[in-house]
Amino acid sequence: MAEYVTIPLDIEGIKVDRVEVTGNGEVHIHVSSTVNGTRCHQCGRNTHRRYDEGREIKLRHLPILGMPTYIFLKPPRYICDDCPGNPTTTQHLP
Ligand SMILES: [Zn+2]
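First things first, this report covers the structure right here in the doc.

So, how was this worked out
- Residues numbered from 1 in each chain as written.
- Predicted model: local features only at pLDDT ≥ 70, side-chain atom pairs only at ≥ 80, totals over all residues.
- Heavy atoms only, no water.
- Phe/Tyr/Trp six-rings, centres within 6.5 Å; stacked < 30°, edge-to-face > 60°.
- Lys NZ or Arg CZ within 6 Å of the ring centre and 35° of its normal.
- Pairing = 2+ DSSP bridges.
- Helix = DSSP H or I, 4+ residues; strand = E, 2+ residues; numbered from the N terminus.
- Axes fitted to C-alpha atoms, helices over the stretch in contact; angles between N-to-C directions.
- 1 Å grid on protein atoms, 1.4 Å probe; cavity = no way out; pocket = protein on both sides within 12 Å on 5 of 7 lines; lining within 4 Å.
- Points joined across faces, edges and corners; volume = space filled by probe spheres on them.
- Nonpolar A, V, L, I, M, F, W, Y, C, P; charged D, E, K, R; others polar.
- Donors = N, O, S within 2.8 Å, 3.2 Å for Na, K, Ca; no water.
- Tetrahedral: all angles 85-135°; square planar, octahedral: opposite > 155°, others 65-115°.
- Buried < 20%, exposed > 50% of the residue type's maximum accessible area, 1.4 Å probe, protein only.
- Salt bridge = Lys/Arg side-chain N within 4 Å of Asp/Glu carboxyl O.

### Some thoughts on the packing of aromatic side chains
Inference 1: All chains considered together, the criterion is met by 0 aromatic pairs.
Inference 2: Cation over ring: Lys58 sits above Tyr70, and NZ or CZ is 4.3 Å from the ring centre.

Printed below as a string of structure tokens:
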């Protein structure tokens, strides 16, 4: 179907990686975070050591051209070097 679609989301800290139209007529917008780092939930210090990605989140968006639209996002997780046990914190996005 659509070869290339540009959809401005206007969400700060988010970039659109790809947009696909599925066989059953849904628009899937895959986005990722452009923000690097987060604050440790235990000590409150900033950490930039990337651990992995959290579980993919599926969010409902307003329909585009009448097609059900979803946003997919894998929030990055960061590990804290300062805390005992090196806890991980999932980045919070707007
Ligand atoms: Zn910490």
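From this point, the discussion proceeds with the structure in view.
### Thoughts on the sheet that holds strand 6 (residues 57-64)
Inference 1: Pairing is mixed across the open sheet formed by 4 strands, whose spatial order is 1-2-7-6. A strand with exactly one partner marks an edge of an open sheet, and here the two such strands are strand 1 (14-21) and strand 6. If you compare each strand with its neighbour and ignore which way they point, the axes differ by 25 degrees on average.
Inference 2: Sheet analysis places strand 1 next to strand 2 (residues 27-33), joined by 7 bridges and oriented antiparallel. Within strand 2, the residue paired with Val19 across the bridge is Ile29.

### Observations regarding the layout of surface pockets
Inference 1: The calculated volume of the second largest pocket comes to roughly 160 Å³.
Inference 2: What lines the second largest pocket is a set of 15 residues, among which Asp17, Val31, Ser32, Glu53 and Lys74 lie closest to the centre.
Inference 3: Looking at the lining of the second largest pocket element by element, the count peaks at 4 residues for strand 2.
Inference 4: Considered class by class, the residues forming the lining of the second largest pocket number 6 nonpolar, 4 polar and 5 charged.

### Description of the coordination of the zinc ion
Inference 1: Within the protein, the atoms that donate to the zinc ion are Cys40 (SG), Cys43 (SG), Cys80 (SG) and Cys83 (SG), at distances of 2.3 to 2.4 Å.
Inference 2: Taken together, the 4 donor atoms coordinating the zinc ion and their angles of 105 to 117 degrees define a geometry best described as tetrahedral.
Inference 3: Along the chain, the residues donating to the zinc ion fall in the pattern C-x2-C-x36-C-x2-C.
Inference 4: Overall, Cys40 belongs to the buried group, its relative accessible area being 4%.

### Examining the pattern of salt bridges
Inference 1: Considering all chains together, one arrives at 6 salt bridges under this definition.
Inference 2: The residue Asp52 makes a salt bridge to Arg77 at a minimum N-O spacing of 2.9 Å. Taken together, the residues Asp52 in strand 5 (residues 50-53) and Arg77 in strand 8 (residues 76-79) connect sequence positions 25 residues apart.

### Some words on unusual backbone geometry
Inference 1: Its identity as a non-glycine residue notwithstanding, Leu65 has a phi of 50 degrees, on the positive side.
Inference 2: When you line up the elements, Leu65 lands in the loop between strand 6 and strand 7 (67-73).
Inference 3: With phi around 45 degrees, Asn86 is a residue other than glycine that occupies positive phi space.
Inference 4: Tracing the sequence through the fold places Asn86 in the loop between strand 8 and strand 9 (88-90).
Inference 5: Classification of Asn86 by relative accessible area gives partly exposed; the value is 34%.

Geometric values such as these leave the question of function open.
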